[in-house]
Amino acid sequence: MEYDHDCIVPRPQEHQAPLKCCATEQSPTLSSEEFLQFKRKATTIVEEYFSTDDVAATANELRELHVPCYHYYFVKKLVSVAMDRHDREKEMAAVLLSSLYGDVVDRPQLCKGFCKLTESCDDLSVDTPDAVDILAVFVARAVVDDMLPPAFLAKQSACLPDGCKGAEVLRRAEKSYLSVPHHGEIVLQRWGGSKRITVEEAKAKISDILEEYLAAGDRSEALRCIRDLKIPFFHHDVVKRALVLAVERGGASEGHILDLLKSASEEGVINESQIAKGFDRLIDSLDDLTLDVPNARCIVKSVIHKASSEGWLCESCLKPLPPEPKKSSEVDDAAVRQFKAKAILIIKEYFLTGDIIEVLSWLEAENYSCCPSFNAIFVQKLVNAAMDRKSREKEMASVLLSSLCMPPEDVVAGFHLLIEAAEDAALDNPTIVEDLTMFFARSVVDEVIAPSDLEAMEEDASRVKADGSTGMLALRNAQSLLGAKLSAERILRCWGGGGSGKAGWELDEVKDKIGKLLQEYDCGGDIREACRCIMDIGMPFFHHEVVKKALVATIEKRGKDERLWELLSECYGRGLITPNQMTKGFNRVADCVDDLALDVPDAAKQLGCCVERAKKEGWLDPSFSMTRPGQPVANGVCS
């Protein structure tokens, strides 16, 4: 099988420590029972692979041994056994190494395995007279397949004594294979090539499958065709190409693509590692994709969020998106002035009508490319306009900020603009420190930004602002306010609203309303009416209370009443309860599970059941854990 050498390399390896090839790296004690046991199992796995040619099963067996520190020995054993076999087994060994690299065997272990091979080449030559040439091809193949860096040859040569066969292997790999014209194809075809399709053929077939799926909509047929390719280690290309189509075409195509990938994951057609690798490749190509699709970054963020919330992608396993290009100098000054003027008008209109949907629609139309500088300007103008008005408008501004769902970094950038201009603004607004303090603190309580974002803002501002400056005082006051007992309740009521614009609502009153509507629904109420009541409360950032109360009631009934679970499912499906609020609700139940156990002895077990069920339904990230220090949470299947 030929490989796409630009993409087979697992990207996370780029962040590893520099390559170490010499004997200075410590090896496990060869007499240890663990290592001896691994050697026996590795030998068995290698022999079975040459009999079955099952790459996926071999990868699983090696992974299940759970001793990655010995993987270098597997590399050495695989190659040394293949050297004494026919070309078919040599090609199979090269294919297996490419498939294992990154997913199972990391670069340091692979390099160490080849180091051991070159060091033992004199011994290998006793049983295999042409060991030097065969091993030279394996080394060249590893370089061509982007598993070994070209620098490996020089570094390892320096560690070997002159005149040894290992040094000859490296010289021959360089001179006879890697330095000749068309060396890639020569090396790949050295043992007759793969019996499978070539990389270019695979790419063409994948593109045809996806295009046909989008045209006909037959998901089962598309999954069958993907299976029939029989290249499970190259499924990341299916994921990447599908995601690129979703970004480029958008609309219904995006939904169809996500449905296909979700089904491929649930049915085991594409494994979790290949899905993550496909997303990582999309992230790597994001800058190029943005040239053709200006709002590609926003679409990719949305796709990642949807996949994670549906439970078939672990967002925390992905590499971060590349830094946002600095666009301030690229945005036309006239366009900025025009945007500022329109932003002021729409903000004034919002303060009159309270129509959040209208603001969202306008912002999407005016800032279709999701330019961070425009988002930051809007945040600055919104807060500035609110600070010049009464508590009602300040409350409305906070509610709007929590409803915009802007990237946190854009909101932070807007706050930085406010800090930079705080001294000048203080001339017209004597209470600016108090106002900024409450806006900063409220944004954390409303989960618009994270507490760590506030700390980073203070650290950044301290480099350019004096300790006693207006912005620094506001940031420090916000930190102190958030650290106080019951601070969230005070912050939510600071402008008389509690996040809803309904003056006079206490948190206890809101909790009571949530409890009553859940009780009324559980006694036979209509699910649509319950959702409407939750929406009418107008506190989306407090919906974790709905999750908590529903879970507690479900646990108390030992899962025998499904109505509240169905309500949570409906709220999540409508977007009424966000993944963040759902996670926070589960966390709050975990925090009080010991108290709950006084009335329900098996509360921890019931909670574990709910967690597993929520993961299966895509409400929680698969990596989510309810375990607390000293408090093991049982997992199981809800009865």
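What you see is a predicted model; the values in this text were computed from it and never measured. (Residues numbered from 1 in each chain as written. Predicted model: local features only at pLDDT ≥ 70, side-chain atom pairs only at ≥ 80, totals over all residues. Heavy atoms only, no water.)

Topic: the overall build of the protein chain
Along the backbone of the protein chain there are 34 helices and zero strands. Counting across all 639 residues of the protein chain, residues that qualify as buried make up 50%. Long-range contacts, defined as pairs at least 24 residues apart, comprise 78% of the intrachain contacts of the protein chain with a sequence gap of at least 6. Of the roughly 29,600 Å² of accessible surface on the protein chain, a fraction of 51% belongs to carbon and sulfur atoms. (Helix = DSSP H or I, 4+ residues; strand = E, 2+ residues; numbered from the N terminus. Buried < 20%, exposed > 50% of the residue type's maximum accessible area, 1.4 Å probe, protein only. Contact = heavy atoms within 4.5 Å. Areas by Shrake-Rupley, 256 points an atom, 1.4 Å probe, with all protein chains shown as cover.)

Details of the nonpolar core
F74, F114 and F138 are the most contacted members of the largest nonpolar core, which has 66 residues in total. Considering each element in turn, this core owes the most residues, twelve residues, to helix α7 (residues 131-144). Every residue in contact with F138, bar those within four places of it in the chain, is listed here: V79, A82, M83, K90, A93, A94, F114 and W191. With 55 residues, the next largest nonpolar core counts I346, V383, A386 and M396 among its residues. (Core = buried A, V, L, I, M, F, W, Y, C linked by side-chain atoms within 4.5 Å.)

A look at the packing of helix α18 (residues 333-353) against helix α19 (residues 356-366)
In the contact formed by α18 and α19, the axes pass within 10 Å of each other and the chain directions differ by 170°. Taken together, the axis directions place α18 and α19 in an arrangement best described as roughly antiparallel. Residues F339, K342, A343, I346 and Y350 of α18 lie in contact with α19, whose contacting residues are I356, E358, V359, W362, L363 and E366. (Axes fitted to C-alpha atoms, helices over the stretch in contact; angles between N-to-C directions. Parallel < 35°, antiparallel > 145°, perpendicular 65-115°, else oblique.)

Structural notes on the pattern of salt bridges
Scanning all chains against the criterion turns up 32 salt bridges. The partner of R40 in a salt bridge is E33, with the nearest N and O atoms 3.5 Å apart. For the pair R40 and E33, a shared accessibility class is recorded, and that class is exposed. Residue R532 is joined to E529 by a salt bridge in which the shortest nitrogen-to-oxygen separation is 2.4 Å. Of this pair, R532 and E529 both sit in helix α29 (residues 527-537), three residues apart, roughly one helical turn. Here the salt bridges share partners, and the residues they tie into one network are D133, E168, R171, R172 and R190. (Salt bridge = Lys/Arg side-chain N within 4 Å of Asp/Glu carboxyl O.)

Describing the packing of aromatic side chains
Summed over all chains, the structure comprises 16 aromatic pairs. On the basis of an interplanar angle of 80° and a centroid distance of 5.6 Å, the ring pair of F35 and Y73 is categorised as edge-to-face. Taken as a pair, F35 in helix α1 (residues 33-52) and Y73 in helix α3 (residues 71-83) lie far apart in primary sequence, 38 residues in all. Exposure remark for F35: the relative accessible area of 2% places this residue in the buried category. A ring pair is formed by F439 and W495, whose centres lie 4.8 Å apart and whose planes are at 45°; its orientation type is tilted. Separated by 56 residues along the polypeptide, F439 in helix α24 (residues 432-445) and W495 in the loop between α27 (487-492) and α28 (507-522) bring together distant segments of the chain. Each member of the pair, F439 together with W495, is buried. Ring-pair connections join several aromatic residues into one group, and the members of that group are F35, F38, Y70, Y72 and Y73. For the cation-ring pair, K112 lies above Y72, with the distance from its terminal atom to the ring centre recorded as 4.2 Å. (Phe/Tyr/Trp six-rings, centres within 6.5 Å; stacked < 30°, edge-to-face > 60°. Lys NZ or Arg CZ within 6 Å of the ring centre and 35° of its normal.)

Re unusual backbone geometry
Unlike most non-glycine residues, D53 shows phi in positive territory, near 60°. Along the polypeptide, D53 turns up in the loop between α1 and α2 (55-63). Overall, the relative accessible area of 13% leaves D53 in the buried class. Although it is not a glycine, H66 adopts a positive phi angle of roughly 60°. Assessed through its relative accessible area of 64%, H66 is described here as exposed.

What about helix α25 (residues 451-464)?
All of the buried residues in α25 are L454, M457, E458 and A461. Each buried residue of α25 sits inside an arc of 100° when the element is viewed along its axis, so together they form one side. On its buried side, α25 packs onto α22 (408-420), α24 and α26 (470-483). (Arc of directions from axis to C-beta.)

A closer look at the packing of α1 against α2
Two elements in contact, α1 and α2, have axes whose closest approach is 10 Å; the angle formed by their N-to-C orientations is 175°. In this view, α1 runs roughly antiparallel relative to α2, as classed from their interaxial angle. Contacts between α1 and α2 involve F38, I45, E48 and Y49 from the first element and V55, T58, E61 and L62 from the second. Looking at the contact of α1 with α2 residue by residue, the class counts come to five nonpolar, one polar and two charged. (Nonpolar A, V, L, I, M, F, W, Y, C, P; charged D, E, K, R; others polar.)

Quick look at helix α32 (residues 579-591)
Under the 1.5 Å per step criterion, the end-to-end length of α32 is 18 Å for 13 residues, consistent within 8% with the ideal 18 Å. Within α32, the full set of buried residues consists of Q581, M582, G585, F586, R588, V589 and A590. Contacts made by the buried residues of α32 are with α30 (544-556), α31 (563-574), α33 (593-596) and α34 (603-616). (Expected span 1.5 Å × (residues − 1).)

Structural notes on the environment of D522
Secondary-structure assignment places D522 in helix α28. Each C-alpha atom of the pair D522 and R563 lies 6.2 Å from the other, and the pair is 41 residues apart in sequence. Residues within four places of D522 in sequence aside, it is in contact with K557, D561, R563 and L564.

Examining the environment of S625
Along the chain, the position of S625 falls in the segment after α34. Of the residues examined, S625 reaches a relative accessible area of 43% and is grouped as partly exposed. Separated by 39 residues in the primary sequence, S625 and F586 place their C-alpha atoms 9.8 Å from one another.

Functional significance is not addressed by these values, which are geometric in nature.
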